[in-house]
Amino acid sequence: MTPQKTALIAGATGLVGSTLLPLLLASERYAKVITVGRRPLPLVHPKLEQRVMDLDQLEENRLSLIADDVYCCLGTTMRQAGSKEAFYKVDYLYVVKLAATTAGNFAAQFLVVSAMGADAESRIYYNRVKGEMEDAVRQTPFRVIHIFRPSLLLGERREKRLGEQIGFVLMKLLNPLLLGPLRKYRAVPAAAVARAMIRAAAEDGGGVRVHLSDEIAETGR
């Protein structure tokens, strides 16, 4: 069967997105894969079409963002962003704008990486923004919305920080001890999140699905 669907991915240079992009290009489900970002990727593939733009310009470029399945891997940290305002722009505004724009293009599915602890009522700013983002995305008219809430993500980051590296080592050691209700706190490889996302898209279901970290780890094996 010849693949007919188009995938769109935002955040293809991040920890999850950089793992997901090769899976999308290799998938028999997709005839075309569109990336959207501020810089071109050093990658050439017959399925790949790159849309280089500032994410503030999503609406103006909406006709170049037509896809069936939209994968949103956008995200930063407070430290990387440098301020609450910059963090909010990436993790809320850009995500919600991408959802609204692609839903307006009649995309069927929206798959977004959120975070464990996402809660619009949280006192923790990071979790509150993630929760507000989820609430806003839920209002967009996709046939199905998949929300992925991983715990600490494991993988090779471009920026090496001693504190983070120590934390990853500790989490790997603690993972086997987190059993029962604590399993959802286990660190999960970014590659497992990517695999779980592409498998969820293949279900072609409906409604809103929230995937918790332990489920992601199991599905993404």
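I will try to describe carefully the structure that is included in this document.

So, how was this worked out
- Residues numbered from 1 in each chain as written.
- Predicted model: local features only at pLDDT ≥ 70, side-chain atom pairs only at ≥ 80, totals over all residues.
- Heavy atoms only, no water.
- Pairing = 2+ DSSP bridges.
- Helix = DSSP H or I, 4+ residues; strand = E, 2+ residues; numbered from the N terminus.
- Axes fitted to C-alpha atoms, helices over the stretch in contact; angles between N-to-C directions.
- Contact = heavy atoms within 4.5 Å.
- Buried < 20%, exposed > 50% of the residue type's maximum accessible area, 1.4 Å probe, protein only.
- Polar contact = N/O pair within 3.5 Å; in protein donor to acceptor, adjacent residues only side chain to side chain.
- Parallel < 35°, antiparallel > 145°, perpendicular 65-115°, else oblique.
- Left-handed = near helix turned anticlockwise from the far one by under 90°.
- Nonpolar A, V, L, I, M, F, W, Y, C, P; charged D, E, K, R; others polar.
- Expected span 1.5 Å × (residues − 1).
- Salt bridge = Lys/Arg side-chain N within 4 Å of Asp/Glu carboxyl O.

### A short note on the sheet that holds strand S6 (residues 144-149)
Note: strands within a sheet are paired through backbone hydrogen bonds, in either parallel or antiparallel orientation. Ordered by their spatial adjacency, seven strands build an open sheet running S3-S2-S1-S4-S5-S6-S9, and the pairing between neighbours is parallel. The open sheet terminates on both sides in strands that have one partner only, identified here as strand S3 (48-52) and strand S9 (207-212). Sheet twist, expressed as the mean angle between neighbouring strand axes with direction ignored, is 15°. When strand S1 (residues 5-10) meets strand S4 (residues 69-72), the two strands line up parallel, connected through four bridges. Paired with isoleucine 9 across the bridge in S4 is tyrosine 71. Packed on one face of the sheet, helix H4 (residues 125-138) meets strand S5 (109-113), S6 and S9 and runs near 170° to S6. Docked against the sheet, helix H6 (residues 190-201) engages strand S2 (30-37), S4, S5, S6 and S9, running at close to 165° with respect to S5.

### With respect to the side chain of serine 114
Tracing the chain through its elements places serine 114 in the loop between S5 and H4. The class of serine 114 is buried, set by a relative accessible area of 5%. Within the structure, serine 114 has its side chain in polar contact with the side chain of glutamate 134 (distance 2.6 Å). Beyond its immediate stretch of four places on either side in the chain, serine 114 contacts Lys130, Met133, Glu134, Ile147, Phe148, Arg149 and Pro150.

### As for the environment of aspartate 214
Summarising the element assignment, aspartate 214 is placed in helix H7 (residues 213-219). Since its relative accessible area comes to 29%, aspartate 214 is described here as partly exposed. Once the C-alpha coordinates of aspartate 214 and serine 151 are considered, the two residues, 63 residues apart in sequence, prove to be 8.5 Å apart.

### Focus: the packing of helix H3 (residues 84-104) against H4
With their axes 9 Å apart at the nearest point, H3 and H4 run at an angle of 15° to one another. Judged by the inter-axis angle, H3 sits roughly parallel to H4. In terms of crossing hand, the pair formed by H3 and H4 is right-handed. Each of Lys84, Phe87, Tyr88, Asp91, Tyr92, Val95, Val96 and Ala99 in H3 lies in contact with H4, whose residues at this interface are Tyr125, Tyr126, Val129, Lys130, Glu132, Met133, Ala136 and Val137. Residue classes in the contact of H3 with H4 are distributed as 12 nonpolar, no polar and four charged.

### Points about H4
When the terminal C-alpha atoms of H4 are compared, their 20 Å separation across 14 residues agrees well with the 20 Å that a helix rising 1.5 Å per residue should span. Along H4, the residues classified as buried are Tyr125, Asn127, Val129, Lys130, Gly131, Met133, Glu134, Ala136 and Val137. Structurally, H4 contributes buried residues whose contacts are with helix H2 (78-81), H3, S5 and S6.

### A few points about the pattern of salt bridges
Tallying each qualifying case throughout the model produces 11 salt bridges. Note that arginine 149 is salt-bridged to glutamate 134, the shortest N-O span being 2.7 Å. Of this pair, arginine 149 sits in strand S6 while glutamate 134 sits in helix H4; the two residues are 15 residues apart in sequence, bridging distant segments of the chain. Residue arginine 149 is classed as buried on the basis of its relative accessible area, which comes to 18%.

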